[in-house]
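# Coordinates in review
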Amino acid sequence: MDASSSDSKYHVVLFPFMSKGHTIPLLHLARLLLRRPNFIVTVFTTSGNHSFIANSLSDTTAFIIDLPFPQNVPQIPAGVESTDKLPSMSLFGPFALSTKLMQPDFEKAIETLPRVNFMVSDGFLWWTLDSAIKFGFPRLVSFGMSIYSSCLCKAVVEHRLLFGPESDDELITLPQFPWIKVTRNDFDSTFRDPEPSGPHFEFIIATITAAGNSYGTIINSFYELEATFADYWNKENGNTAWFVGPLCLADAPRVEHEPSKKPTWIKWLDQKLEQGRSVLYVAFGSQVDISPQQLKEIAIGLKKSKVNFLWVMKAKDPEFGDESELEESIGDGGIIVREWVDQREILTHQSVNGFLSHCGWNSVLESICAGVPILAWPMTADQPLNARMVVEEIKVGLRVETCNGSVGGFVRWEGLKKMVKELMEGETGKVVRKNAEEYGEIAKKAMEEGSGSSRRNLDELVDALCNPRNP
Ligand SMILES: O=c1ccn([C@@H]2O[C@H](COP(=O)(O)OP(=O)(O)O[C@H]3O[C@H](CO)[C@@H](O)[C@H](O)[C@H]3O)[C@@H](O)[C@H]2O)c(=O)[nH]1
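Residues numbered from 1 in each chain as written. Predicted model: local features only at pLDDT ≥ 70, side-chain atom pairs only at ≥ 80, totals over all residues. Heavy atoms only, no water.

Taken together, 21 residues lie near the ligand, and Ser 286, Val 341, Ser 363, Glu 366 and Asp 382 sit nearest. Between the ligand and His 358, the relevant distance is 2.9 Å, taken from an oxygen atom to a side-chain nitrogen or oxygen of the residue. The separation between an oxygen atom of the ligand and a polar side-chain atom of Ser 363 is 2.5 Å. Here the ligand, which alone exposes 680 Å², has 95% of that area covered by the protein. Those elements that place two or more of their residues in the shell around the ligand are α1 (20-34) and α14 (361-369). Looking at the shell around the ligand, its residues break down into six nonpolar, 12 polar and three charged. Residue-level mapping places the shell around the ligand at the junction of two domains, with at least three residues from each of domain 1 (10-250 + 449-467) and domain 2 (264-444). (Near = heavy atom within 4 Å. Polar contact = N/O pair within 3.5 Å; in protein donor to acceptor, adjacent residues only side chain to side chain. Areas by Shrake-Rupley, 256 points an atom, 1.4 Å probe, with all protein chains shown as cover. Helix = DSSP H or I, 4+ residues; strand = E, 2+ residues; numbered from the N terminus. Nonpolar A, V, L, I, M, F, W, Y, C, P; charged D, E, K, R; others polar. Domains from an automatic or database assignment.)

According to the domain assignment, the protein contains domain 1 (10-250 + 449-467) and domain 2 (264-444). Computed from C-alpha atoms alone, the centre-to-centre distance between domain 1 and domain 2 is 26 Å. The interface is formed by 38 residues belonging to domain 1 together with 29 residues belonging to domain 2. Between domain 1 and domain 2, a total of about 2800 Å² is buried, with carbon and sulfur atoms accounting for 59% of that surface. Run the count over domain 1 and domain 2 and you get one salt bridge. A salt bridge links Arg 388 to Asp 186; the nearest nitrogen and oxygen atoms lie 2.5 Å apart. Taken together, the connections running from domain 1 to domain 2 amount to 11 residue pairs in polar contact (both at pLDDT 80 or more). Listing elements by their share of the side of domain 1 that touches domain 2, those giving two or more residues are α1, α6 (147-158) and β7 (181-182). Considered class by class, the residues forming the side of domain 1 that touches domain 2 number 20 nonpolar, 11 polar and seven charged. (Contact = heavy atoms within 4.5 Å. Buried area = accessible area lost by both parts, 1.4 Å probe. Salt bridge = Lys/Arg side-chain N within 4 Å of Asp/Glu carboxyl O.)

Printed below as a string of structure tokens:
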């Protein structure tokens, strides 16, 4: 980058964590920033993640800088630079901790860049705060979570609510939000350990401490979706949360494909639309591990429900014993796709009327923006809290029943079939669909340039950080 030609421009550095669910929203943010006059954006990543980012931003002027991913990290196979490529999510800890080894290269690169006005880096890249302080620019943190989840985590930690006599699935009332009940199983194991220690705990502490010492937090959400929690957070917490989403709406709606270039699954959805059939979209994000037994049970439940479904699997999901047999038995009712798809394009397809989802925060937002109700099947991380929000707080979805009633428990085909039918055809399904549609409209308004709450928040934030009085 030619630093001299950039002197009169505002320069923002974005550094997403190497996981699709964390990277995608920051790429949307890059677009929003680049629409402002005189803004340049530099995105930091690693060579293994370069093509995903470059493809996504190919129609923009964003600069991309690749840092070498740390080599010879114990337990992390060579060449794995993104969490979706990890053989198991149990390796998340060593993967995330190893990113600190990138700090010297990151700082060398920063030295060569035009002056940075501010940086937005992922919460998991806690060490980037030290670099920002060293170079004298503000760091904003992005966690990719709802503020509802953050408030609930804060509430249980502050009041040590997870160490009482209750069993892991017993409901515990939150004194700060008495209408909300959670269980221990809704939280990561670190929150449940009365005397936590070890590298994972140290990572969490480093992450939270750096976030607290940063300029503020970017929240991929909109104020109207979680106003009570937004107000609570901004009153109780030191650093401000800026609601600037849903960032997935930063992109203009997708241009129609030429018929010959349409992916097969979109053609299949077109066909279902012509036949007047509703489709359930089934996908569990970019990284959760699902056992072969559970995958088979899902296939049976979907088939027996007799709904039409489009099921997107990850490349690393285990193959069924006999894939062709499975596809045959599913027949015309459903299709399985094992490729990277444009999830938003699927959710906004007129035939899609329900989403069986693990409740990754991006999937929740994308579903709401498309007005599609969710059948929540949380598995790990923030997903159990997102599922509570979806089902109990904003009521845009129903929940699958696990056979032991526990988060992460096995889901039998009978229970899955029952809830799929309820979401797609039942009375409660109708109620949550209407709610999802209403929130979808509010989301669009929040992202309207000039007048929307999220766009105004972003304007205010950027003005504060790029104002000469506030360099
Ligand atoms: O074939 C695919 C698969 C995924 N996606 C996109 O990938 C993202 C996936 O994000 P999300 O739904 O949030 O799921 P995860 O990948 O599981 O996300 C991780 O990151 C989220 C944000 O912090 C957390 O909420 C989740 O719990 C965590 O697992 C979404 O934008 C999807 O649209 C595609 O476009 N095509």
